[in-house]
Amino acid sequence: MENRWSETEAAEFIKLYGNEWGEELALRTYSSRLLGGDPELVLYGGGNTSVKGVFESVLGDKIAAVWVKGSGHDLAGIGPEGFSPLDLDYLRRLRELEELSDEAMMDQFLTHLLDSRAARPSIETLMHAFLPHKFIDHTHADSILALTNRDDGAELVRKALGNDVIVVDYVRPGFQLAQAAADAFEASPEAPGMVLMKHGLVTWGGTAREAYEGTIDLVAKAESYLRTKAGSGVKTTKVTSVETARERYRIAGPIIRGALALSRGSGDDDNPWDRFILRSLINHETLDLVDSSNGKKLALTPPLTADHLVRTKALPLWIDEPAYEDPDKFREQVTAAVEQYSRDYDAYFDRNSSGLEPGVVRFDSRPRVIFLPGLGGICAGVDIGAAELARNITARTASIKLKSSGLGEYEGLDEEHLFDMEYFGLQHLKLSRAQPPALTGSVALVTGAAGAIGSGICRELLESGCLVAATDLPGDTLDSFNSELRSEFGGRAVAVPLDVTDPESVGRGFDAVIEAWGGIDLVVVNAGAAHVSKLTEMDPDDFSRLERVNVEGTLNVLTASGRHFRHQGTGGDIVLISTKNVFSPGAGFGAYSATKAAGHQLGRIASLELAGIDVRVNMVSPDAIFGEGKHKSGLWAEVGPDRMKARGLDQAGLEEYYRNRNLLKTRITTRHVARAVLFFATRQTPTTGATIPVDGGWPDSTPR
Ligand code: ZN
């Protein structure tokens, strides 16, 4: 454990924040970031820190205050405003009480904040208030938990960290823990720090540096003890290679995703699937765990810390002897295992729920972490953030359980305490949020995504909560679109090179999306090519080129989509971007109109063939789209100049011409096309095989 304190960096924080917030809060910010930046100390948003000082009111009154990390702030990136100031003297008086429920305690915090804009203070605020030191650091460090989570944990802690460290038995975080910690400290006021069994570490000091170095010192001692005494107690005979595990995941991922969605329907016939996003955990360490003789026993132990228990659930699901070679059998195994897990979870809820506060409802009973021998781990969440968090926690948990398995039997929190941490009212507050966007939990693959219409569709889907794989031919256009999406939507968008004319490339593209998110729910068949030529002047090569993209390309994507949807087993949607020309062809557009008509017809056939597995296939037929901003329409790059020449118009004149020829005298934008896609994707009506014209109104191109 490296001591990363730097006086130069500390001075920079004082320079940055000292004037506005004071030197102490500036240094509190600095050392909190040091702690938060190390995942071995603080697990993703966990841990909390505080500083005590004087708050000056508008009347000039000087009030003793404690600034405690507010919820929703992550130590790794916290600023001074992330610490909520509270009336310290009042909080300390709460120690006189015999008991205080979580709700009543939070009420006291909120009514004794000194800044109405401050975030809700941490559940562990009273521990910070009751301990006397100026700076308090509290972490859930891995190596400390590796020692505490044993039946002889207290003894191990003393052996590793020395006898002068305070050891506090597990007490639920909140009022009880604050009392226990304060009592224990008063009995040993010279102690360098405090270990909370099956929970974490508390250190302190008169300065930020002292408290931080206290943490580093004790964690370093724990690490060195683990290195010399622990070793791995896991026996691994044969370990699957990462490549084989990945190959298996491409088949297994969608089946598992389907089984998780299936196990609890949403009760709405148009939207029956309640889907999860998956993140796979395939690395040497996880494979070591799942392939070892005692891996199952170790994996099925409770988590290291109750941090984020709501994200991972107390226990993972383990699939015995997965039949990777026989997908149908594998599906049966997974479905049965998920159902059993749900029954067990419901029983666990019923056993423990009698003392729940009114209004606290049961979480869904599906597993969030699944371990499979020969594959690794699969983590699930309602959106990419939840899935990624579950994955990161699972990775660290597996690693530390493995590394310390040589110390003897692992022992996590018991069921009653796990339930308590999963269900106590404040955890629910953490998760409660506004209604998520309509396509949250869904994954879309869009072909021809880097063009005008494709990019508009990607954007609309992303804004509706969907994860989007933007596919197009490899090259600069796709790369630059990728950086644009990344900067705006982060990990919710991914660019995948895909050539629709090559079935193998299409297969690889689908696989890449499955590897990223576990499956696909919506495919937008948008890639197309255009060419202007009268039939009498047609070069057969040009016609063939359009046929390859507009007909074979459509076929390849429909084939791959249908196969994937059948395999995943949770229906799906396909939206095909057709054209007004299918219904109302134009002279000089023979190759385009005929090949697009063939593609359109394939879409209608797909709607017939795939309805039985709840896959809906619909078409959107726009009139000319010129493109906006830097996303030019490929079609119009090809067709526009010729049209302009033929009609003696410039670009603006041509746009005006197109606007005036429809009934509504309106300009058609990519946004309009994207909204039509969204209409189908959100399944507003029980519709398949249908076409929405997006053309401002053309009597002769209205599908009949
Ligand atoms: Zn804690």
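Note: the structure precedes this text.
Residues numbered from 1 in each chain as written. Predicted model: local features only at pLDDT ≥ 70, side-chain atom pairs only at ≥ 80, totals over all residues. Heavy atoms only, no water.

1. A word on the side chain of Thr240
Looking at where Thr240 falls in the secondary structure, it is placed in the loop between helix H9 (208-230) and helix H10 (242-262). With relative accessibility at 15%, the residue Thr240 sits in the buried group. If we skip the residues at most four places from it in the chain, Thr240 touches Ala245, Arg248, Leu287, Asp291 and Gly374. (Helix = DSSP H or I, 4+ residues; strand = E, 2+ residues; numbered from the N terminus. Buried < 20%, exposed > 50% of the residue type's maximum accessible area, 1.4 Å probe, protein only. Contact = heavy atoms within 4.5 Å.)

2. Quick word on the coordination of the zinc ion
Coordination of the zinc ion by the protein involves Glu124 (OE), His138 (NE2), His140 (NE2) and His199 (NE2), with metal-donor separations of 2.1 to 2.3 Å. For the zinc ion, the 4 donor atoms in the first shell make angles of 81 to 162 degrees at the metal, a pattern classed as irregular. Sequence spacing of the donor residues for the zinc ion, all on one chain, is E-x13-H-x1-H-x58-H. Within this pair, whereas Glu124 is found in the loop between helix H4 (102-111) and helix H5 (125-130), its partner His140 is found in the loop between strand E4 (135-139) and helix H6 (142-148), the two being separated by 16 residues in sequence. The two residues Glu124 and His140 agree in class, both being buried. (Donors = N, O, S within 2.8 Å, 3.2 Å for Na, K, Ca; no water. Tetrahedral: all angles 85-135°; square planar, octahedral: opposite > 155°, others 65-115°.)

3. What about empty space enclosed by the protein?
Applying the stated rule across the entire model yields 5 cavities of 30 Å³ or more. Estimates place the volume of the largest cavity at around 170 Å³. In terms of lining residues, the largest cavity is bounded by 16 residues, among which Pro316, Phe371, Thr394, Thr397 and Lys401 are the most central. Among the elements of the structure, strand E10 (369-372) and helix H15 (384-403) are those that each provide at least two residues to the lining of the largest cavity. The dominant element in the lining of the largest cavity, judged by the number of residues it contributes, is H15, at 5 residues. Taken together, the residues of the lining of the largest cavity sort by class into 10 nonpolar, 4 polar and 2 charged. The computed volume of the second largest cavity comes to approximately 50 Å³. (1 Å grid on protein atoms, 1.4 Å probe; cavity = no way out; pocket = protein on both sides within 12 Å on 5 of 7 lines; lining within 4 Å. Points joined across faces, edges and corners; volume = space filled by probe spheres on them. Nonpolar A, V, L, I, M, F, W, Y, C, P; charged D, E, K, R; others polar.)

4. With respect to the pattern of salt bridges
Where charged atoms of side chains with opposite charge meet at close range, the side chains can pair. Summed over all chains, the structure comprises 37 salt bridges. A salt bridge links Arg172 to Asp420, with the nearest nitrogen and oxygen atoms 2.6 Å apart. Here Arg172 is found in the loop between strand E5 (166-168) and helix H8 (175-187), whereas its partner Asp420 is found in helix H16 (residues 415-423), with 248 residues between them in sequence. Overall, the relative accessible area of 18% leaves Arg172 in the buried class. We note a salt bridge from Asp320 to Lys296, for which the minimum N-O separation is 2.9 Å. On the criterion of sequence distance, the pair formed by Asp320 in the loop between strand E9 (317-318) and helix H14 (327-352) and Lys296 in helix H12 (residues 295-299) is long-range, its members being 24 residues apart. Counted as one network, the salt bridges with shared partners bring together Asp274, Asp364, Arg366 and Arg368. (Salt bridge = Lys/Arg side-chain N within 4 Å of Asp/Glu carboxyl O.)

5. Re the side chain of Arg150
Examined against the element boundaries, Arg150 turns out to sit in the loop between H6 and helix H7 (153-161). Nearest to the buried, unbridged Arg150 among oppositely charged side chains is Asp152, at 5.8 Å. Of the polar contacts made by the side chain of Arg150, one reaches the backbone oxygen of Ala146; its length is 3.0 Å. (Lys, Arg positive; Asp, Glu negative; His and termini not counted. Polar contact = N/O pair within 3.5 Å; in protein donor to acceptor, adjacent residues only side chain to side chain.)

6. Quick look at the nonpolar core
Leu126, Leu147, Leu161, Met194, Trp204, Ile256 and Leu372 are the most contacted members of the largest nonpolar core, which has 132 residues in total. Of the residues forming this core, the biggest block, 9 residues, is contributed by H9. Beyond its immediate sequence surroundings of up to four residues, Leu372 is in contact with Ile256, Val290, Ile319, Pro322, Tyr324, Phe330 and Ile378. Listed in part, the 41 residues of the second largest apolar core include Ala387, Leu445, Ala530 and Ala606. (Core = buried A, V, L, I, M, F, W, Y, C linked by side-chain atoms within 4.5 Å.)

7. Topic: the sheet that holds strand E11 (residues 376-381)
The mixed open sheet is built from 4 strands, whose spatial order is E8-E11-E10-E9. Every other strand in the sheet has two partners, leaving strand E8 (277-281) and E9 as the edge strands with one partner each. Across 2 bridges, E9 lies against E10 in parallel orientation. Paired with Leu317 across the two strands is Ile370, which belongs to E10. Relative to the sheet, H15 contacts E8, E10 and E11, its axis offset from that of E8 by approximately 25 degrees. (Pairing = 2+ DSSP bridges. Axes fitted to C-alpha atoms, helices over the stretch in contact; angles between N-to-C directions.)

8. Observations concerning helix H1 (residues 7-21)
An α-helix turns once every 3.6 residues. As a result, residues three or four positions apart point the same way. Approximately 40 degrees is the largest bend angle found in H1, and it occurs at Lys15. Burial in H1 covers these residues: Ala10, Phe13, Tyr17 and Gly18. Elements that come into contact with the buried residues of H1 comprise helix H2 (23-36). Downstream of H1 by a residue or two, Gly22 has a phi angle that is positive, lying close to 95 degrees. (Bend = angle between axes of the 7 residues up to and from the residue.)

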